Amino acid sequence: MSRFRVFAGVLMRGRGGGRQWLLGGPACRRLDPARGCSSGAAPIPSAVVSSSGYVEEMYFAWLEDRKNVHESWDAYFYNIQASSPSGEAGDRRPSSLLQGRALSRSPHMEQKVVEDHLAVHTLIRAYQIRGHHVAQLDPLGILEADLDSFVPSDLITTIDKLGFYSLDESDLDRSFQLPATTFIGGKDTTLPLREIIRRLEKSYCGHIGVEFMFINNMDQCQWIRQKFETPGIMQFTNNEKRTLLARLIRSTRFEDFLARKWSSEKRFGLEGCEVLIPALKTIIDKSSASGIDSVIMGMPHRGRLNVLANVIRKDLDQIFCQFDPKLEAADEGSGDVKYHLGMYHKRINRETDRNITLSLMANPSHLEAVDPVVQGKAKAEQFYRGDSQGKQVMSILIHGDAAFAGQGVVYETFHLSELPSYTTHGTIHVVVNNQIGFTTDPRVARSSPYPTDVARVVNAPIFHVNADDPEAVMYVCRVAAEWRSTFNKDVVIDLVSYRRFGHNEMDEPMFTQPLMYKQIRRQVHVLKKYSDKLIAEGVVTLQEYEEEVAKYDKICEEAYTSSKDEKILHIRHWLDSPWRDFFTEEGEPKKMSCAPTGLDEEVLQHIGLAASSVPLEDFNIHPGVTRILRGRADLVKNRQVDWALAEYMAFGSLLKDGIHVRLSGQDVERGTFSHRHHVLHDQKVDKHICVPMNHLWAGQAPYTVCNSSLSEYGVLGFELGFAMASPNALILWEAQFGDFHNTAQCIIDQFISPGQAKWVRNNGIVLLLPHGMEGMGPEHSSARPERFLQMSKDDPDHFPVFSGDFEVQQLYDCNWMVVNCSTPANYCHVLRRQILLPFRKPLIIFTPKSLLRHPDARSTFDDLTEGTKFKRLIPDKGPVSGDPAQVKRAIFCTGKVYYELAKERKQRKLENDIAIIRLEQISPFPFDLVRVETEKYSNAELVWCQEEHKNMGYYDYVRPRFLTVLANKKPIWYVGRDPAAAPATGNKSTHLNELNRFMDTAFNLSAFLGKDL
Ligand SMILES: Cc1ncc(C[n+]2csc(CCOP(=O)(O)OP(=O)(O)O)c2C)c(N)n1
Ligand SMILES: [Mg+2]
């Protein structure tokens, strides 16, 4: 880099005196861009390129029409032709004409013109591609932002490197025609080589490193080149500079203030990258000017309080009072630390005078986990507003350098960015690249040159910028916002900065980065550097600057004083997605009861008809699908539903009531088990599809069903975010098989289970997790119910007080609901209940595989019509119900195993002796209904039967709760598979043996005789 700076000086010394060469630039512009020199995509490495190929190109163009090429070329070809033996030129074989004879016989000078021309074009291109590698990005001047001190051999960092292009110092003052793929000339079409290099350095090797030449779209590359190459384009008015300074003052003084008042508190300060605040504000200003009125942001810990204070404009006293350890919590839930809370604020953007809503999503410590959640929420807002191009709503994601490079969810989120049902039409990513992650150096934290390389997969341009040059930062922010509004694609701003202190305010960075921190201690603050610059330029006076600082300090002091009056913390005030009309003013549910979930017979008939027909004329469906639809029609005729139809009934009826339904996940359109077929494909017309669910009712809500990318973490996070935007939507994510949810565990553990407790935020997302032991091996069998149940917060040892609507109250008190329906009707009811409840809780449903087609797993319309509802527990209505006191054993179970137990009981003729009771809602545990059943079978032995292994499934969850119901007076015996490490055997016959063995125990009435508890 230092060598490079020396060379910039060398270039500036000598000027003029060179011979002016005028090459065929205009001709280039008329050539086919795919083949000719105006193509940004065609590399022409000068050392290897055959200049005759290029000349041939010109020659062909010239043969077509003399006007196709510049007059110098015209004269050149004319002379060659004139000097060739008659007839030879006419055969139009340019290689022989030009290479074989003409070139070899052409004067040396002419050949060098061609080669030098190509060399200069290649040199320009080299800067466009690799200039960023030598850009002065590190404010400390000690690290390479790309982790490599290697200087590309094709960048002219020393005079001798001109030799790479077969040029030398004497060529510096020669003028060259500029290709159409550069804007460095401004209005000039030719420039001396010295000036070409100087301008390229200025554009690509200063404080901004532009990485974009991997983008395979010519227009987009041209657009970027124009933004960074046009001479004088980076201009700021004095007003803009003053605004920038004022923002930098706020950002810096805010951190200083916190450090002064709470020197030993963790706040994950922004010092060293204070420019983040003006950067975000510039992005928001620019976006507001182009029509954006809602910005949804996600960010990690670093500088979060500053963003809340100075970007979102949360009241400062509300932030300061968070540092008071005596502050009491006013809301239910356990809350979260101050640097995780979210915020929502509607305000006027001062620069544009337009309304803008800013929301910063609450997030867990898990870095980058919030990325897809932000995207989902942004998408939902766009969807509900009809903003199909992302012109009103946008997302901004802020990242740390180590996390951006290291976390896989970043990649998963990028991969959603261009998918039709997931795109938010461009996200602006800002990386706070302080060149360290906690105590780890970048060189051991990533394998890619930059922390931002992941963005290259989606062709997002990446603007690296030295964070100590606030104007350069503002400029790239402007360009990024314009890029997003022009192309609606992602873009990355890499703020190369440093971290003035340790990871948090308690950490000693000298332990691990001694040299870096010695340099950091010497580093002049960016505010000082920039204010000095503006004072020197006469943009502000020292007095004005000091007044501005004093003004903000006073604001902080006053807020600090009033923050002391705050005695109570209202997490409710930190909501990133308030649902104002859904709750009362105080944020409570408007009632504590659930509207009936039963449906009119006509509604069932109507939906049944739609589910079994094709609403479009001349639409050719596959014969297999025809059979499926015919099967559905038969069911409807018999007033019956299977699983697929029950789902249709739930979705269709909610759509009728204006509830948007969105089902997302891998292969959900057809359904992994080919039972759903919500999207019909015309067999004769490519990509002609039909979604019958969208043809149900006039004025219905839209139905979205979308196959997702092969991601769980990203897609579940996205749907969770989508579900945050509105309570009036049923958002479902389906795993291909239930166990795959474990690659989204972070979303479940950090957001879905504890979200409300941490952030007082309701979320009604539904997880459909195919589950069941069907001999398919250790994978594909278990959706791991034990994991969800272990996180359910209902107290196993406390028998609840039944008052009011117990079912609803209990749901309100829980963190989520876990169900395993054994009938299609119950599945339909629980989906409808999800929306008809006066609050939102996540719903986890273990869904069937073989039961999808099981002839017994059917419900009738009678189970769905008015007056019916979701059954949390299904009692045994068989012979045992006649004389329950005579029943010897009551088997409680859930899910598919019911059908195996019922079949076995029948075969063993034990229908009078053994009752089978189905727990449909496992959590929160239906204490009330279980008590009724245990009392009903007062003389019976109680058994919990499950098909899962003993250390899995439901047993550990239900056992203590049964014992609470039974006041520990009676045992509940376990029947099921033995404990195991893997969820299921890979051997089919072992699977069947296990099944037979536990069936034997279930129906062996003396199995537990004499056994200890
Ligand atoms: C998924 C995850 N793993 C580990 C951590 C622990 N952790 C907290 S901050 C941090 C370093 C983050 O570095 P970077 O992304 O560069 O952000 P910076 O703190 O430098 O701003 C780590 C490893 C975490 N919060 N999340
Ligand atoms: Mg970092």
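The rules we used
Residues numbered from 1 in each chain as written. Chains lettered and ligands numbered in written order. Predicted model: local features only at pLDDT ≥ 70, side-chain atom pairs only at ≥ 80, totals over all residues. Heavy atoms only, no water. Near = heavy atom within 4 Å. Polar contact = N/O pair within 3.5 Å; in protein donor to acceptor, adjacent residues only side chain to side chain. Areas by Shrake-Rupley, 256 points an atom, 1.4 Å probe, with all protein chains shown as cover. Helix = DSSP H or I, 4+ residues; strand = E, 2+ residues; numbered from the N terminus. Nonpolar A, V, L, I, M, F, W, Y, C, P; charged D, E, K, R; others polar. Donors = N, O, S within 2.8 Å, 3.2 Å for Na, K, Ca; no water. Buried < 20%, exposed > 50% of the residue type's maximum accessible area, 1.4 Å probe, protein only. Salt bridge = Lys/Arg side-chain N within 4 Å of Asp/Glu carboxyl O. Contact = heavy atoms within 4.5 Å. Pairing = 2+ DSSP bridges. Axes fitted to C-alpha atoms, helices over the stretch in contact; angles between N-to-C directions. Expected span 1.5 Å × (residues − 1). 1 Å grid on protein atoms, 1.4 Å probe; cavity = no way out; pocket = protein on both sides within 12 Å on 5 of 7 lines; lining within 4 Å. Points joined across faces, edges and corners; volume = space filled by probe spheres on them.

### Observations concerning the site of ligand 1
Not every one of the 15 residues close to ligand 1 is listed here, only the nearest: His 301, Arg 302, Asp 401, Ala 402 and Ala 403. Within the contact set of ligand 1, an oxygen atom lies 2.9 Å away from a side-chain nitrogen or oxygen of His 301. Within the backbone of Leu 367, a nitrogen or oxygen atom sits 3.1 Å from a nitrogen atom of ligand 1. For ligand 1, whose unbound accessible area comes to 580 Å², protein coverage reaches 75%. Sort the elements by how many residues they give to the shell around ligand 1 and helix α14 (residues 401–406) lands first, with three residues. Looking at the shell around ligand 1, its residues break down into five nonpolar, eight polar and two charged.

### Observations regarding the coordination of the magnesium ion (ligand 2)
For the magnesium ion (ligand 2), the full set of protein donor atoms is Asp 401 (OD), Asn 434 (OD1) and Ile 436 (O), and the range of their distances to it is 2.0 Å. Mapped onto the sequence, the residues coordinating the magnesium ion (ligand 2) show the spacing D-x32-N-x1-I. Placement of the pair is Asp 401 in helix α14 and Ile 436 in the loop between β9 (427–433) and β10 (462–466), with a sequence separation of 35 residues. Ile 436 sits in the buried class, given a relative accessible area of 3%.

### Quick word on the pattern of salt bridges
Under the definition given, this model contains 51 salt bridges. Between Asp 862 and Arg 639 there is a salt bridge whose closest N-O contact spans 2.9 Å. Highlighted residues: Asp 862 in the loop between β22 (859–860) and β23 (873–874) and Arg 639 in the loop between α21 (623–637) and β13 (640–641), separated in sequence by 223 residues. Using a relative accessible area of 47% as the deciding quantity, one classes Asp 862 as partly exposed. Residue Lys 896 pairs with Glu 900 through a salt bridge whose shortest N-O separation is 3.4 Å. Assessed through its relative accessible area of 22%, Glu 900 is described here as partly exposed. Through salt bridges with shared partners, a single network forms among Glu 807, Arg 833, Lys 869, Arg 872 and Asp 928.

### Structural notes on the environment of His 399
Along the chain, His 399 turns up in strand β8 (residues 393–400). Residues His 399 and His 429, spaced 30 residues apart in sequence, show a C-alpha to C-alpha distance of 7.3 Å. Among residues more than four places away in sequence, those in contact with His 399 are Pro 300, Glu 368, Asp 371, Phe 404, His 429, Val 430, Val 431 and Val 432. In terms of polar contacts, His 399 uses its side chain to reach the side chain of His 429, at 2.9 Å.

### A look at the sheet that holds strand β27 (residues 941–949)
Pairing within the open sheet is mixed, and its five strands lie in the order β23-β25-β24-β27-β28. Each edge of the open sheet is held by one strand with a lone partner, namely β23 and β28 (972–977). Pairing geometry for strand β24 (residues 889–893) and strand β25 (residues 914–919), over five bridges, is parallel. Bridging from a neighbouring strand, Ile 891 pairs with Ile 916 of β25. Sitting on the sheet, helix α29 (residues 897–907) touches β24, β25 and β27, and the angle it makes with β25 is about 170°.

### Comments concerning helix α7 (residues 193–204)
For α7, which comprises 12 residues, the first-to-last C-alpha distance of 16 Å matches the rise-based estimate of 16 Å (1.5 Å per residue) to within 8%. In terms of burial, α7 is largely enclosed, as 10 of its 12 residues are buried. Along α7, the residues classified as buried are Leu 193, Arg 194, Glu 195, Ile 196, Ile 197, Arg 199, Leu 200, Glu 201, Ser 203 and Tyr 204.

### A few points about the sheet that holds strand β4 (residues 294–298)
One open sheet accounts for eight strands, arranged β3-β10-β11-β9-β8-β4-β7-β6; its pairing is mixed. Whereas interior strands pair on both sides, the edge strands pair on one side only; in this sheet they are β3 (208–211) and β6 (343–349). The mean angle between the axes of side-by-side strands here comes to 20°, regardless of whether they run parallel or antiparallel. Two elements, β9 and strand β11 (residues 491–496), share six bridges in a ladder whose sense is parallel. Note that in β11 the partner of Ile 428 across the bridge is Val 491.

### As for the layout of surface pockets
Computed from the structure, the largest pocket encloses a volume of approximately 880 Å³. Elements supplying a minimum of two residues to the lining of the largest pocket: α28 (824–836), α29, β25 and α32 (988–1003). Of the residues in the lining of the largest pocket, the class split is 12 nonpolar, 10 polar and 15 charged.

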